Amino acid sequence: MSTDSSRVKALILTGPTASGKTELLDAVFGRGAFPLPGLVISADSMQAYRGMDIGTAKPSPELRSRLPHILIDIKDPDEQYTAGEFARLAREACDSAHSRGLIPIVSGGTGFYIRNLLCGPSGAPPESADMRLEVAADLRRLGADALRAELEAADPASARRIHPNDLYRLTRAVEILRSTGRPPSDFAPPSSPRGDMDFLVVGVERPKAELAERIRSRVKSMMEAGLPEELRRLKAAGFSPSSPGMQAIGYKEFFQDEGKSIESIAEDIVLHSIQYAKRQMTFLRALPGIIWIGPDKEALLGLCESFFLQREQAPT
């Protein structure tokens with residue numbers, strides 16, 4: 001990687017849900033272990049939504065007072081937040097942080113968003129409000145299976161890559177197909193890091209059983225902290241299962257499982273979170289240049305000192 005001091009350098013810290021990214025950043029940057037201050041740029045597609053605090057595990061106000069976070073609470077749950085918009089806002093935030101002497105820290109587990117920042121966006125056409133409304137109407141009228149069949153007929157490879165529950169990526173692919181008349185795979189994003197920034201890409205991983213137990217503990221804590229009441233407030237505010245924010249794990253289960261007990265809903269959230277963590281790891285392992293560590297403060301600190309301060313790491 002380049003060592004040109006004029007280039008913006010950024011840390012990307014990622015990993016599956018509940019792997020401990022926030023605690024690790026607090027230990028290294030929030031509590032002063034690293035000599036330079038940082039600014040966290042959230043790469044969590046659901047923490048962007050206002051009012052969705054408990055179910056998205058937003059960092060506490062106390063932590064955010066020690067370590068500032070941005071790209072949190074920037075959307076209402078009925079607004080779409082795209083990977084392209086994230087990449088643009090995150091790049092602007094990296095430039096701004098760098099100009100103020102802060103370390104840009106892009107942190108979150110939404111791999112598609114991170115890839116769009118790391119490698120640059122695809123050449124797909126920008127979203128069209130009219131086309132989005134047309135596809136959304138067909139989704140309501142015909143169902144997701146019809147849209148998937150349309151995509152499979154034109155672009156089987158893209159259809160295979162989109163998870164059955166990922167309605168955003170499905171509808172976006174159909175929008176591209178209809179807008180251009182070309183398969184969405186023609187607009188695949190670049191596979192190499194962009195040339196105008198330098199990134200240290202670090203992934204946090206834990207053994208599967210340990211991660212599953214942390215997910216179970218997190219969901220229990222969310223329920224005790226008032227997740228059902230948070231969902232009721234969101235529903236009272238007019239947000240519905242079709243709202244982009246309400247499709248997040250931790251919220252959609254309350255709509256899907258109406259009539260079930262809170263305990264059963266919690267179990268479904270745990271199951272879906274574990275399944276999601278598995279998909280996250282598959283996607284994140286393909287990020288170019290990623291370095292995997294355990295939830296180890298000294299490991300992250302050493303990598304940051306080497307990258308940002310150009311210090312040699314001690315042999316391990």
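Residues numbered from 1 in each chain as written. Predicted model: local features only at pLDDT ≥ 70, side-chain atom pairs only at ≥ 80, totals over all residues. Heavy atoms only, no water.

Q: Teacher, can you tell me more about the sheet that holds strand β1 (residues 8-14) here?
A: One key point about sheets: their strands pair by backbone hydrogen bonds, in either a parallel or an antiparallel sense. One open sheet accounts for six strands, arranged β3-β2-β4-β1-β5-β6; its pairing is parallel. Since the sheet does not close on itself, it has two edges, and those belong to β3 (69-70) and β6 (291-293), each with one partner. Looking at chain direction, β1 and strand β4 (residues 103-107) are connected through three bridges and run parallel. Each bridged residue has a counterpart across the sheet, and for Leu-13 the counterpart in β4 is Ser-107. (Pairing = 2+ DSSP bridges. Helix = DSSP H or I, 4+ residues; strand = E, 2+ residues; numbered from the N terminus.)

Q: What should I look at first to understand the packing of helix α5 (residues 129-142) against helix α8 (residues 167-180) in this one?
A: How two helices sit against one another is set out by the angle between their axes and by the gap between those axes. At a minimum axis separation of 10 Å, α5 and α8 run at an interaxial angle of 120°. Relative to α8, the element α5 lies oblique. You can see that α5 and α8 cross each other, and the crossing is right-handed. Contacts between α5 and α8 pair Met-131, Arg-132, Glu-134, Val-135, Asp-138 and Leu-139 from the former with Leu-167, Thr-171, Val-174, Glu-175, Arg-178 and Ser-179 from the latter. Its residues assigned to classes, the contact of α5 with α8 comprises five nonpolar, two polar and five charged. (Axes fitted to C-alpha atoms, helices over the stretch in contact; angles between N-to-C directions. Parallel < 35°, antiparallel > 145°, perpendicular 65-115°, else oblique. Left-handed = near helix turned anticlockwise from the far one by under 90°. Contact = heavy atoms within 4.5 Å. Nonpolar A, V, L, I, M, F, W, Y, C, P; charged D, E, K, R; others polar.)

Q: Looking at this structure, I do not really get the packing of helix α6 (residues 144-154) against α8. What am I missing?
A: The N-to-C vectors of α6 and α8 enclose an angle of 50°; their axes lie 10 Å apart at closest approach. Taken together, α6 and α8 sit at an angle that is classed as oblique. Crossing handedness for the pair α6 and α8: left-handed. Across the interface between the two elements, Ala-144, Leu-147, Arg-148, Glu-150, Leu-151 and Ala-154 of α6 pack against Leu-167, Leu-170, Thr-171, Ala-173, Val-174, Leu-177 and Arg-178 of α8. Per-class residue counts for the contact of α6 with α8 are nine nonpolar, one polar and three charged.

Bear in mind that shape data such as this cannot, by itself, settle questions of function.
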